[in-house]
Amino acid sequence: MSEVDLLGLKKDFNLQLEPYKLINYLNLSIEDSLKILEIRNHPSIRMRMANQAIISEESHIDFISKLLEKNIGYWVLKINEEILGSISMVEYNEFEASFIGGNFIAPEKIGSGFGAVINYCMHLLAFEKLKCQKIKAFVRKDNVNAIRINTLYGAVFLEESIRNDEANNDYKLIEFSSEVWFNKIKEKTSKIIRHVL
């Protein structure tokens with residue numbers, strides 16, 4: 001098992017999908033930082049988040065300023081200068097070499113098939129760039145599109161819970177593995193991605 005690249009949590013990445021790039025929140029311009037906040041606060045995105053509160057500009061900027069101190073990473077997915085969504089890797093578990101992963105797309109991309117693209121990018125980032133072994137994630141039980149996409153990417157639906165609060169009863173805990181990604185999912189989904197793009 002290779003060692004997880006925790007320094008990668010602060011880096012930008014070019015992907016195997018040119019011209020898509022992952023720009024770390026630490027390296028965003030103020031304009032792009034506020035744009036991703038606007039996307040995240042959009043009602044159609046916010047309703048799918050574990051934290052559905054509107055995040056203020058001040059809280060967002062403060063959050064970004066503290067990213068250097070933690071083993072977490074947040075990236076904006078861009079094509080040329082257009083922001084398409086966001087990917088996160090948080091709650092690093094050294095024992096499992098895992099992260100809690102998450103993503104969201106720009107509201108105008110909902111229903112376009114682009115959720116498959118951002119999930120592909122999240123898996124490339126986690127398993128090929130950061131070299132983790134597992135991604136765990138939460139998905140809303142009523143988010144049929146997300147459940148369908150996650151199943152395509154080899155999600156295993158877990159019974160266990162990593163969060164025991166009442167607010168998370170609306171969510172399923174899922175897990176992806178690097179072994180399944182490299183042996184089954186990458187090749188299959190890369191063909192689908194070519195059609196979406």
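Refer to the preceding data block for the structure.
A few points on the structure. What you are looking at is a predicted structure, and each value in this text was computed from that prediction instead of being measured. (Residues numbered from 1 in each chain as written. Predicted model: local features only at pLDDT ≥ 70, side-chain atom pairs only at ≥ 80, totals over all residues. Heavy atoms only, no water.)

Residue position: S33 is located in helix α1 (residues 30-41). Here S33 falls in the buried class, since its relative accessible area comes to 4%. Remark: the alpha-carbon pair of S33 and E57, spanning 24 residues in sequence, is separated by 9.3 Å. In this view, S33 contacts L28, H60, I61 and I64; residues no more than four positions away in its chain are not counted. (Helix = DSSP H or I, 4+ residues; strand = E, 2+ residues; numbered from the N terminus. Buried < 20%, exposed > 50% of the residue type's maximum accessible area, 1.4 Å probe, protein only. Contact = heavy atoms within 4.5 Å.)

Within the fold, E175 resides in strand β8 (residues 171-177). Its relative accessible area of 15% is what places E175 among the buried residues. Apart from the residues within four sequence positions on either side, E175 is in contact with K134, I135, K136, G154, A155, V156 and L158.

Tracing the backbone shows K141 in the loop between β6 (134-140) and α5 (144-152). The exposure class assigned to K141 is partly exposed, which follows from its relative accessible area of 46%. Each C-alpha atom, one on K141 and one on D170, is 5.8 Å from the other, the two residues being 29 residues apart in sequence. Those residues in contact with K141, other than ones at most four positions away along the chain, are I147, N169, D170, Y171 and K172.

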